[in-house]
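# A closer look at the structure
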Amino acid sequence: MAANDRQISGEHYQTDIQPWDFIVANNLGYLEGNIIKYVCRYKEKNGIVDLHKAQHYLDKLIEGMEHVSLEKEEGAST
């Protein structure tokens, strides 16, 4: 039996496109994956709490991208 055919718990993941399939198909990383997961389930599970969780992961992703951008700028100026 395929993993998508057996739901361990929660109806909030019973969707046409499973979030984990979307994440894998688009080669998304941990932070992006959690953003997708929380945004996909917020209406069916924890509401605004899940949106805050998604925002928290997005804040971390932005911090990381800003850090990489800053390092590239510093490397280009030396």
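Read on for an overview of the structure. Just so it is clear, the structure is predicted and the values come from calculations on it, not from any experiment.

## Examining a nonpolar patch on the surface
Taken together, the side chains of Val-39, Ile-48, Val-49 and Leu-51 make up a nonpolar region of the molecular surface, amounting to roughly 310 Å² of accessible area. Top contributing element to the nonpolar patch by residue count: helix H3 (residues 48-76), with 3 residues. Relative to the helices and strands, Val-49 is located in helix H3.

## Details of the packing of helix H2 (residues 30-41) against H3
Taken N-terminus to C-terminus, the directions of H2 and H3 make an angle of 160 degrees; their axes are 8 Å apart at the nearest point. Between H2 and H3, the angle falls in the class roughly antiparallel. For the pair H2 and H3, the crossing hand works out as left-handed. Residue-level inspection shows Tyr-30, Leu-31, Glu-32, Asn-34, Ile-35, Tyr-38, Val-39 and Arg-41 of H2 in contact with H3, the latter providing Asp-50, Lys-53, Ala-54, Tyr-57, Leu-58, Lys-60 and Leu-61. Across the contact of H2 with H3, the residue classes break down as 9 nonpolar, 1 polar and 5 charged.

## Looking at H3
Look at H3: 42 Å from first C-alpha to last across 29 residues, which is about the 42 Å you get at 1.5 Å a residue. The set of residues buried in H3 consists of Asp-50, Ala-54 and Leu-61. Each element contacted by the buried residues of H3 is listed here: H2.

## Quick word on the packing of aromatic side chains
One pass over the full model with this rule turns up 2 aromatic pairs. Arranged with centres 6.0 Å apart and planes meeting at 65 degrees, the rings of Tyr-30 and Tyr-57 form a pair that is edge-to-face. Linking Tyr-30 in helix H2 with Tyr-57 in helix H3, this pair joins segments that are 27 residues apart in sequence. An aromatic cluster of three or more residues is present, and its members are Tyr-30, Tyr-38 and Tyr-57.

Conventions we followed
- Here the residue numbers are simple positions, counted from 1 along each chain's written sequence.
- Totals for whole chains, interfaces and linings use all residues, but because this is a predicted model, local features are given only for residues with pLDDT of at least 70 and pairs of side-chain atoms are given and counted only at 80 or more.
- Note that water and hydrogens are dropped before the side-chain values are worked out from all heavy atoms of the structure.
- A patch consists of residues exposed above 30% relative accessible area that lack any salt bridge, with like charges linked at up to 9 Å and nonpolar side chains (Val, Leu, Ile, Met, Phe, Trp, Tyr) linked at up to 5 Å.
- Only the protein chains shown count as covering a residue, and every accessible area follows the Shrake-Rupley method with a 1.4 Å probe.
- A pair is scored as a salt bridge if a Lys or Arg side-chain nitrogen falls within 4 Å of a carboxyl oxygen belonging to Asp or Glu.
- Put simply, DSSP H or I for four residues or longer makes a helix, DSSP E for two residues or longer makes a strand, and each gets a number counted from the N terminus.
- All axes are obtained by fitting lines to C-alpha atoms, using only the stretch in contact for helices, and the reported angles, taken between N-to-C directions, cover 0 to 180 degrees.
- Comment on the angle field: the value is read as roughly parallel under 35 degrees, roughly antiparallel over 145, roughly perpendicular from 65 to 115, and oblique elsewhere.
- Each crossing gets its hand from how the near helix is turned against the far one by less than a right angle, where anticlockwise is left-handed and clockwise is right-handed.
- Working rule for contacts: check all heavy atoms of both residues, and any pair within 4.5 Å makes them a contact.
- Any residue outside Ala, Val, Leu, Ile, Met, Phe, Trp, Tyr, Cys, Pro, Asp, Glu, Lys and Arg is labelled polar, Gly included; the first ten of those are nonpolar and the last four are charged.
- In a helix, the anticipated span is given by 1.5 Å times the number of residues less one.
- Three labels apply to residues, based on accessible area from a 1.4 Å probe with only protein chains included: buried if under 20% of the type maximum, exposed if over 50%, partly exposed otherwise in between.
- Working definition: a ring pair exists when centres of Phe, Tyr or Trp rings (six-membered ring for Trp) sit within 6.5 Å. Plane angles under 30 degrees give stacked, over 60 give edge-to-face, the rest tilted.

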